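Structural overview for review
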Number of protein chains: 2
Amino acid sequence: MEVKNKIDETGHERLVRCGIRPSVQRLAVMNYLMENRVHPTVDKIFSDLYPSMPTLSRTTVYNTLKLLVESGAAIMLTIDEKNTRFDADTKPHTHFMCNKCGAVIDLNINPPILRGNYIDECEILNSELFLYGYCPECANKNKN
Amino acid sequence: MEVKNKIDETGHERLVRCGIRPSVQRLAVMNYLMENRVHPTVDKIFSDLYPSMPTLSRTTVYNTLKLLVESGAAIMLTIDEKNTRFDADTKPHTHFMCNKCGAVIDLNINPPILRGNYIDECEILNSELFLYGYCPECANKNKN
DNA sequence: TTCTACTTTTGTAATGATTTCAAAAGTGAA
DNA sequence: TTCACTTTTGAAATCATTACAAAAGTAGAA
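Described in the following lines is the structure provided in the data block. (Residues numbered from 1 in each chain as written. Chains lettered and ligands numbered in written order. Predicted model: local features only at pLDDT ≥ 70, side-chain atom pairs only at ≥ 80, totals over all residues. Heavy atoms only, no water.)

1. Observations regarding the interface of chain A and chain B
With 31 residues of chain A in contact, the opposing surface of chain B contributes 31 residues. Summing the contributions of chain A and of chain B, the shared interface buries around 2,700 Å²; its carbon and sulfur component is 65%. There are eleven residue pairs in polar contact (both at pLDDT 80 or more) connecting chain A and chain B. Mapped onto the side of chain A that touches chain B, the elements with two or more residues apiece are β4 (104–107), β6 (122–134) and α5 (136–143) of chain A. Here β6(A) runs beside strand β6 (residues 122–134) of chain B; their pairing, made up of eleven bridges, is antiparallel. Each residue of the ladder has a partner; that of A:I124, found in β6(B), is B:G133. (Contact = heavy atoms within 4.5 Å. Buried area = accessible area lost by both parts, 1.4 Å probe. Polar contact = N/O pair within 3.5 Å; in protein donor to acceptor, adjacent residues only side chain to side chain. Helix = DSSP H or I, 4+ residues; strand = E, 2+ residues; numbered from the N terminus. Pairing = 2+ DSSP bridges.)

2. Focus: the protein's contact with DNA strand D
Around DNA strand D lies a shell of 16 residues, among which A:Y62, A:T84, B:S23, B:T55 and B:T60 are the nearest. When the atoms of DNA strand D within 4 Å of the protein are grouped by moiety, sugar and phosphate amount to 74% of the total. Between DNA strand D and B:Q25 there is a distance of 3.1 Å, counted from a sugar or linking oxygen to a side-chain nitrogen or oxygen. The separation between a phosphate oxygen of DNA strand D and a polar main-chain atom of B:S57 is 3.3 Å. Sorting elements by how many residues they give to the surface near DNA strand D places helix α4 (residues 58–71) of chain B first, with three residues. Split by residue class, the surface near DNA strand D holds three nonpolar, ten polar and three charged. (Near = heavy atom within 4 Å. Nonpolar A, V, L, I, M, F, W, Y, C, P; charged D, E, K, R; others polar.)

3. Notes on the relation of the copies chain A and chain B
Superposition of chain A onto chain B requires a rotation of 179° combined with a translation of 0.0 Å along the rotation axis, giving an RMSD of 0.1 Å. Considering both components of the superposition, the chain copies are consistent with a two-fold axis. Relative to the rotation axis, the closest C-alpha in chain A is found at A:L129, a distance of 2.3 Å. Looking at the interface residues of chain A, 100% of them are also at the interface in chain B, so both copies use one shared face. (Least-squares fit on C-alpha atoms with pLDDT ≥ 70 in both.)

4. Details of the pairing of β6(A)
Residue and element names in this part refer to chain A. Both strand β3 (residues 94–98) and β6 contribute to a ladder of four bridges, which runs parallel. Bridge pairing in β6 links M97 to Y132. Looking at chain direction, strand β5 (residues 118–119) and β6 are connected through two bridges and run antiparallel. Its bridge partner being in β6, Y118 is matched across the sheet by E123. Following β5, the chain reverses through two residues before pairing antiparallel with β6; D120 in that reversal takes a positive phi of roughly 50°.

And the structure:
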């Protein structure tokens, strides 16, 4: 079985590879994303980093995440209607969101890779497969 | 070839079938969605209906769309990061958004139907396949 | 080292979508 | 017609995100 979420780069290496100058703040956000694979929201990232970086600004987190996504160092997920979420895993994979607790989880099924195809004359560049339902914990609670 | 977006119900029938009392405003929103299959945003729906219903409130459009989605009379799409979009077609189908002009289009490919399956112990209730790229018009413009 | 130009961060204010809420209007049955 | 209930309305509040300009940081040249 494939190792899930394997990362063979440090945050610093990822930034440099993607052409991003590694400032303290950018490194903190990049490392946070690589170490916390729960698809965190902006607010989660900010409030987790803030205690150890009390001068950190929310705007910087927004700026940095935008830069990471534009440079291909992370991806943005719109699976959660309420908040944008971010993921350091840039390889195509499938996401699941629990309707009850809101957790966003990576699933071990491959999404259809359609990049480069034309469907109904539309040129496909990328695809997202989002699944919704109950996560293992909430599915169990539901049975009782 | 399958007829795309075939509708065999009136807006009134759809509301009743879904257990929604058909007020003037609800009927207007339901009919608008059934007649305008472009996955409109809340604001688009409101501003198109407003001229012929000058007492209509934006809040009513929000309330009504929420009710339609909860009752299964429409679906909500998070394909567009900026605005929630709505679709009267509740059958599983695939959506495409143009990276350039922002148009959201139905595609003639079937998304994987996973309802009822368990994947990585997650109970799947529904799925969304979102594709991004260039729509026919924008793909052509790109070539010049 | 100091100067200078450039990049990045910061905090506040603005924006825009959505929700809250309570009053007003509408509806339907007795 | 009254009464209880549902729905609509519009204003205010909320919340995520963006704009912006000042402050801070950085790095190379003199």
